[in-house]
Amino acid sequence: QVQLVESGGGLVQPGGSLRLSCTASGSILSIYAMGWYRQAPGKQRELVAVIASGGITTYGDSVKGRFTISRENTSNTVILQMSRLKSEDTAVYYCRADNVWVGPQGGHDYWGQGTQVTVSS
């Protein structure tokens, strides 16, 4: 069984910074990509940032230049460093792991439970 455990959410003032971390645990052989998505009240879940196993990154347009995603492959951990936060960044942030292999059966995708990020003065 694969689990994604997120940490680092909370309340921050506009212009501030916050760091989210997510670690995948279980008998994991490989993970193709790890990333973050977010969902604000009344809105659809959207891409924040994704990093593939080769280090290729993809960012949502609204966070480019402000957020940085990184990955520690040995510990199956993905980190999202968020800077210059705005009120519109307020959302539940979900970690996702794509194409996780735990055996010969094939890869599966997993979601974390989410962590709240609130940007407010």
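Residues numbered from 1 in each chain as written. Predicted model: local features only at pLDDT ≥ 70, side-chain atom pairs only at ≥ 80, totals over all residues. Heavy atoms only, no water.

A count of helices and strands for the chain gives 0 helices and 11 strands. When its helices and strands are written in sequence order, the chain yields β-β-β-β-β-β-β-β-β-β-β. In terms of C-alpha radius of gyration, the chain reaches 14 Å, essentially the compact-globule figure of 14 Å for 121 residues. Judged by the C-alpha coordinates and their principal axes, the chain covers about 50 × 25 × 25 Å. Buried residues in the chain amount to 43% of all 121 residues. Within the chain, counting contacts between residues at least 6 apart in sequence, those at least 24 apart form 54% of the total. Total accessible area on the chain is roughly 6,500 Å²; 47% of this is exposed by carbon and sulfur atoms. Taken as two groups, the 10 positive and 8 negative side-chain charges of the chain have centres that lie 4 Å from each other. (Helix = DSSP H or I, 4+ residues; strand = E, 2+ residues; numbered from the N terminus. Rg over C-alpha atoms; globule rule 2.2 N^0.38 Å. Buried < 20%, exposed > 50% of the residue type's maximum accessible area, 1.4 Å probe, protein only. Contact = heavy atoms within 4.5 Å. Areas by Shrake-Rupley, 256 points an atom, 1.4 Å probe, with all protein chains shown as cover. Lys, Arg positive; Asp, Glu negative; His and termini not counted. Charge placed at Lys NZ, Arg CZ, Asp CG, Glu CD.)

The full count for this structure, using the stated rule, is 1 disulfide. Put simply, Cys22 and Cys95 are joined by a disulfide, and their sulfur atoms are 2.1 Å apart. On the S-S bond that ties Cys22 to Cys95, the torsion sits near -80°, and the link is left-handed. In this pair, Cys22 sits in strand β3 (residues 18–25) while Cys95 sits in strand β9 (residues 91–101), placing the two residues 73 residues apart along the sequence. (Disulfide = S-S within 2.5 Å.)

The tally for this structure, following the rule as stated, stands at 2 aromatic pairs. With centroids separated by 5.2 Å and ring planes inclined at 70°, the aromatic side chains of Tyr37 and Trp111 adopt a geometry described as edge-to-face. Of the two residues, Tyr37 is situated in strand β4 (residues 30–39) and Trp111 in strand β10 (residues 108–111); the sequence distance between them amounts to 74 residues. Overall, Tyr37 belongs to the buried group, its relative accessible area being 19%. Note on Trp111: relative accessible area 37%, which makes it partly exposed. Feature note: the residues Tyr37, Tyr94 and Trp111 constitute an aromatic cluster, connected by ring pairs. In this structure, Arg45 packs its charged tip against the face of Tyr94, placed 3.7 Å from the ring centre. (Phe/Tyr/Trp six-rings, centres within 6.5 Å; stacked < 30°, edge-to-face > 60°. Lys NZ or Arg CZ within 6 Å of the ring centre and 35° of its normal.)

Okay, the side chain of Thr115 next. Counting through the fold element by element, Thr115 comes out in strand β11 (residues 115–119). When near neighbours in sequence (up to four residues on either side) are disregarded, Thr115 contacts Glu6, Gly9, Leu20, Trp36, Ala91, Val92 and Tyr93.

Once that is clear, we can look at the pairing of β10. Direction of pairing for β9 relative to β10: antiparallel, over a ladder of 3 bridges. When the bridges of β10 are listed, Ala97 appears paired with Tyr110. Between β9 and β10, which pair antiparallel in sequence order, lie 6 residues; one of them, Gly106, sits at a positive phi of approximately 120°. (Pairing = 2+ DSSP bridges.)

This paragraph deals with the environment of Gly65. Looking at the secondary structure, you find Gly65 in the loop between β6 (57–59) and β7 (67–72). Expressed as a C-alpha distance, the spacing of Gly65 and Glu6, which sit 59 residues apart in the sequence, is 23 Å.

Spatial relationships are all this shows, so hold off on functional conclusions.
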